[in-house]
Amino acid sequence: MNPIVETKNLYKRYGDFLALDNVSLKIPKGSIFGLLGPNGAGKTSLIRIITQITAADQGEVLFDGEKINPKHIGRIGYLPEERGLYKKSKVGEQLLYFAQLKGMSKELALEKTKNWFIRLDIKDWWNKNLEELSKGMAQKVQFISTVIHEPEFIILDEPFSGFDPVNSDVIRDEILRLHANGATILFSTHRMDTVEELCSHIVLIDKSKKVLDGSTKDIKNQFRKHIFQVQTQDSIDFTKLPWQPEKMNEEKDGYFQTSFKLGENQSPNELLGDIIQNAQVIGFQEQLPSFHDIFVQVVTQNQEKHA
Amino acid sequence: MHKILLIIEREYLSRVRKKAFIIMTLLGPLLFAGITVIPAWLASRDSSLTTISVIDQSGLFEGKLKSNAETTFQFVKTEIDKEKKTVQEAGDHHLLLVIGQTDGKTIPAVQIFGESNPGLDLVQSIENQINSELKNIQLKSSGIDPALVENINPEIDIQTKVLSEEGEKDGSSAAATAVGFGAGFLIYIFIFLYGSMVMTGVMEEKTNRVVEVIISSVKPFELMMGKIVGVALVGLTQFALWLALSYGITAVASAVFLKDKKPQEISQQLSAQGMDQQKAMKKIGFLEELKSVNVTYVVVCFLFFFLGGYLLYSALFAAVGAAVDNQQDAQQFMLPITIPIIASIVMAQLIIKEPNSNMAFWFSIFPLTSPIIMMIRVPFEPPLWQILLSMVCLILGFLGTTWFAGKIYRVGILMYGKKITYKELWKWMRY
């Protein structure tokens, strides 16, 4: 199966500034893909090339196996980080306009818009001017405008900013529903909880270059430090244990936490077996790195390399 | 193509439905009607009779000053100071005219006393009458019959003829001047009014950040052209409505306010206000001359230069709107655009005096000035090749500025929070 989007050796230059430096990536169909990177890394430049807002200086973009062209515009939905709608236009009219700009017929656009108004329970907003809505309400309208034409590929730049937790969940559920119906989702975000919770693949861009690429599982594996954490009822007596702990017997909520770093040939089973004889075990788990840690680690290392 | 139509539709409808548009469209003709009808109405009402007491110290003018519908002269023999009091008591519509001693050869001292200043027209008409009486006295004393002199007062009126392939045609410098100037001025207004409407529209989309959403669906160039065409239609709609409403309102207003006045009476009134018969004849001649202007030819040229000028400039206005973040910065970049427009309208005075000069030729070829300058020259019927050359240059100029503006627009609309310099703009051209 073709990836929904594939970029090959993209370069983009703004004057003397190289915004994208040889970026190649594949976004698998049906994935929830995280595009990560510090501010100014080149994420927006990459998205603007995929959405055909600008063109790359070198390299090519394939959409569903074809060289990208204006025919694909209607199959992509894009929610930019800088939200924007016409302040003095009516909500319903605006959504119709955006849907038609994506190539929908007026009748279909009307039907789809009405469906969304019912689904998100905002029927009485149709004739309101956008400036009468609160920021969170406007964000909802913006989200609808992004997906109104039922795109196969949805690019969401910080989709949850500006939402309270309740509406944030509403939008998350809508995104997951669209994903379940077959859409591929690209998140560009700094919120690592979104990545942990939703993404199946990520790419990390830093200083215009791709520095990390893969499924979340593989990346977590790649960055695991083989540190295991054990929770015990009583403190462990290390005089009787043949393992060197990283941290020992930290008391927390009435339990004791100890972590061990395992060598290449050591198995967690052996460790657990030895501890069980020594103390009452309550919990045992591997300490996997969070994407937060991975992000910070990779970006910091990259900075040191350039310094 | 379908999308650009959608954009044009939105740009058009969103503007035409605005309150400001409706108010301006309704107020425009009212203002126009006000300017044309109200002065005529006031003039027609202002027919109160002014009485002028005359103290003629030499007795030469008795019976020579003619009363008419608005003024009556009463010759009195009272003392000046006593008469002054009478005049003061009588109020606004009573004046005292004192003509000093003269034997007809010396210039008498003439004074007017009244509660308030008499109008300039009245003063002038009295001056004229006294002058001509003095002239008559002097002519008679030299043994010349004044009636003879009256008859040998020639006034020639040069008729201009244009030599063309179809033979001689009646030319009409005065009519050409009026038509050319009017058309040039309309183009000037249109470019400024609707060019800046394009600019604010672009700035609004940029500052609202809606532009990124739209250009992920259409090309920036399509968005720019859609806006320019949409606004042009708004402008044409407004002009058409103004024209229709002005015509209607003026007709209705004339019927209501001037209903007891027949046209002849109005023209009589005009001639009574210092315009002599010959001038009035000339005015009628001018209206005849207006008809001699080749209407189809002028209208075709007007539409071409009107739209060409607007399209060329509105693309530049769009580029400025895209480059800046706020109104203050916009001023800085508008300056180089407005200079050629304002220069054209200033030069219009010179061009109209010498519509076939070298300067007139070059400015009517250069695309930034040609819409106004060529339109001023058009009624003077310059050689066809010049008009065609000017049109071709305008089309090329339009393509050039649109290309240039499109480049700046494309980069500018996505550029936020940066103080833009001309150097920066130049860099954008190469992105």
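Residues numbered from 1 in each chain as written. Chains lettered and ligands numbered in written order. Predicted model: local features only at pLDDT ≥ 70, side-chain atom pairs only at ≥ 80, totals over all residues. Heavy atoms only, no water.

Asker: Before we move on, could you go through the overall build of chain A and cite the residues and values that matter?
Answerer: The number of helices and strands found in chain A is 9 helices and 14 strands. Dimensions of chain A, computed from the C-alpha atoms along their principal axes, are close to 75 × 45 × 35 Å. Within the span of chain A, comprising 307 residues, buried residues form 50% of the whole. When contacts within chain A are restricted to residue pairs at least 6 apart in sequence, long-range pairs at least 24 apart make up 68% of them. (Helix = DSSP H or I, 4+ residues; strand = E, 2+ residues; numbered from the N terminus. Buried < 20%, exposed > 50% of the residue type's maximum accessible area, 1.4 Å probe, protein only. Contact = heavy atoms within 4.5 Å.)

Asker: Provide a residue-level description of the sheet that holds strand S4 (residues 58–63) of chain A, including the pertinent values.
Answerer: Residues and elements named next belong to chain A. With respect to topology, 4 strands assemble into an open sheet ordered S2-S1-S4-S5, the strand pairing being antiparallel. Strands at the two margins of the open sheet, each flanked by one partner only, are strand S2 (17–27) and strand S5 (66–67). Taken together, the 2 bridges between S4 and S5 define a ladder with antiparallel strand orientation. If you follow Phe63 over to S5, its bridge partner there is Glu66. (Pairing = 2+ DSSP bridges.)

Asker: How would you sum up the packing of helix H2 (residues 91–101) of chain A against helix H4 (residues 135–147) of chain A? Please name residues and give values.
Answerer: All names here are of chain A. Between H2 and H4, the least distance of the axes is 9 Å, while the angle of their chain directions is 25 degrees. Overall, the two elements H2 and H4 adopt an arrangement that is roughly parallel. Regarding H2 and H4, the two cross each other, and that crossing is right-handed. Side by side, H2 and H4 meet where Val91, Leu95 and Phe98 of the first sit next to Val141, Ile144 and Ser145 of the second. Residue composition of the contact of H2 with H4, by class: 5 nonpolar, 1 polar and no charged. (Axes fitted to C-alpha atoms, helices over the stretch in contact; angles between N-to-C directions. Parallel < 35°, antiparallel > 145°, perpendicular 65-115°, else oblique. Left-handed = near helix turned anticlockwise from the far one by under 90°. Nonpolar A, V, L, I, M, F, W, Y, C, P; charged D, E, K, R; others polar.)

Asker: Which residues make up unusual backbone geometry, and what are the values?
Answerer: Residues and elements named next belong to chain B. Of note in the backbone geometry, Arg209 takes a positive phi value of approximately 65 degrees without being a glycine. Relative to the elements of secondary structure, Arg209 occurs in the loop between helix H6 (173–208) and helix H7 (210–215). With a phi close to 55 degrees, Glu381 is a non-glycine residue in the positive phi region. Here Glu381 is to be found in the loop between helix H14 (370–377) and helix H15 (384–412). Take Glu381: its relative accessible area is 30%, and that puts it in the partly exposed class.

Asker: Explain the pairing of strand S11 (residues 227–232) of chain A to me, using residue names and the numbers behind them.
Answerer: Consecutive residues of a regular strand have side chains that alternate between opposite faces of the sheet. All names here are of chain A. Of all 6 residues that make up S11, 5 are buried, and the element is covered over most of its length. One ladder, built from 6 bridges, connects S11 with strand S13 (residues 255–261); its direction is antiparallel. By the bridge assignment for S13, Gln229 is matched with Ser259.

Asker: Can you break down the nonpolar core residue by residue, with the values?
Answerer: By size, the foremost hydrophobic cluster in this structure holds 153 residues, and its most contacted members are Leu46, Phe153 and Phe187 of chain A together with Met375 of chain B. One finds Phe61, Leu95, Ile99 and Ile130 of chain B within the second-largest nonpolar core, a separate group that totals 12 residues. (Core = buried A, V, L, I, M, F, W, Y, C linked by side-chain atoms within 4.5 Å.)

Asker: I'd like a description of the side chain of Gln257 of chain A, backed by residues and values.
Answerer: Residue and element names in this part refer to chain A. By the secondary structure assignment, Gln257 is in strand S13. Here Gln257 falls in the buried class, since its relative accessible area comes to 13%. Engagement of the side chain of Gln257 in a polar contact is seen with the side chain of Gln229, the distance being 3.4 Å. Sequence-distant contacts of Gln257, defined by excluding residues within four places in its chain, comprise Gln229, Val230, Gln231, Lys247, Met248, Asn249, Glu250 and Lys252. (Polar contact = N/O pair within 3.5 Å; in protein donor to acceptor, adjacent residues only side chain to side chain.)

Asker: So what's going on with the environment of Ala405 of chain B? Residues and values would help.
Answerer: Residue and element names in this part refer to chain B. Counting through the fold element by element, Ala405 comes out in helix H15. Along the chain, Ala405 and Lys84 lie 321 residues apart, while their C-alpha atoms are 73 Å from each other. Among residues more than four places away in sequence, those in contact with Ala405 are Met224, Ala315, Leu316 and Ala319.

Asker: Give me the lowdown on the pattern of salt bridges, citing residues and values where you can.
Answerer: Overall, the coordinates contain 25 salt bridges over all chains when judged by the stated rule. The shortest N-O distance in the salt bridge between Arg172 of chain A and Asp173 of chain A comes to 3.3 Å. Using a relative accessible area of 41% as the deciding quantity, one classes Asp173 of chain A as partly exposed. Of the charged contacts in the structure, one is a salt bridge between Lys77 of chain B and Glu62 of chain B, with a shortest N-O distance of 3.7 Å. (Salt bridge = Lys/Arg side-chain N within 4 Å of Asp/Glu carboxyl O.)

Asker: Just give me the short version of the state of the cysteines, but keep the residues and values in it.
Answerer: Residues and elements named next belong to chain B. Considering all chains together, one arrives at 0 disulfides over all chains under this definition. Here Cys301 is not disulfide-linked; the sulfur of Cys393 is the nearest cysteine sulfur, at 15 Å. Under the relative-accessibility criterion, Cys301 is labelled buried at 4%. (Disulfide = S-S within 2.5 Å.)

Asker: Got a sec to walk through the sheet that holds strand S1 (residues 50–56) of chain B? Specific residues and values, please.
Answerer: Residue and element names in this part refer to chain B. Strand order in the open sheet formed by 4 strands is S2-S1-S3-S4, and the pairing between neighbours is mixed. Pairing within the sheet leaves two strands with one partner each, and these edge strands are strand S2 (71–75) and strand S4 (110–114). For this sheet the average axis-to-axis angle between neighbouring strands, irrespective of direction, equals 25 degrees. Strands S1, strand S3 (94–99) and S4 of the sheet are contacted by helix H3 (residues 80–90), whose axis makes an angle of about 155 degrees with S3.

Asker: Hey, could you go over the interface of chain A and chain B for me, with residue numbers and the actual values?
Answerer: Between chain A and chain B, the residue contacts involve 24 residues of the former and 19 residues of the latter. Counting the surface lost from both chain A and chain B, the interface buries some 2400 Å², and carbon and sulfur atoms represent 57% of this. For chain A, the biggest contributors to the area lost against chain B are Tyr86, Tyr97 and Leu101 of chain A; these three give 27% of the whole. Applying the counting rule to chain A against chain B returns 3 salt bridges. Glu93 of chain A is paired through a salt bridge with Arg17 of chain B; the nearest N and O atoms lie 3.5 Å apart. The element contributing the most residues to the side of chain A that touches chain B is H2 of chain A, with 5 residues. Along the lines of polarity and charge, the residues of the side of chain A that touches chain B split into 10 nonpolar, 8 polar and 6 charged. (Buried area = accessible area lost by both parts, 1.4 Å probe.)

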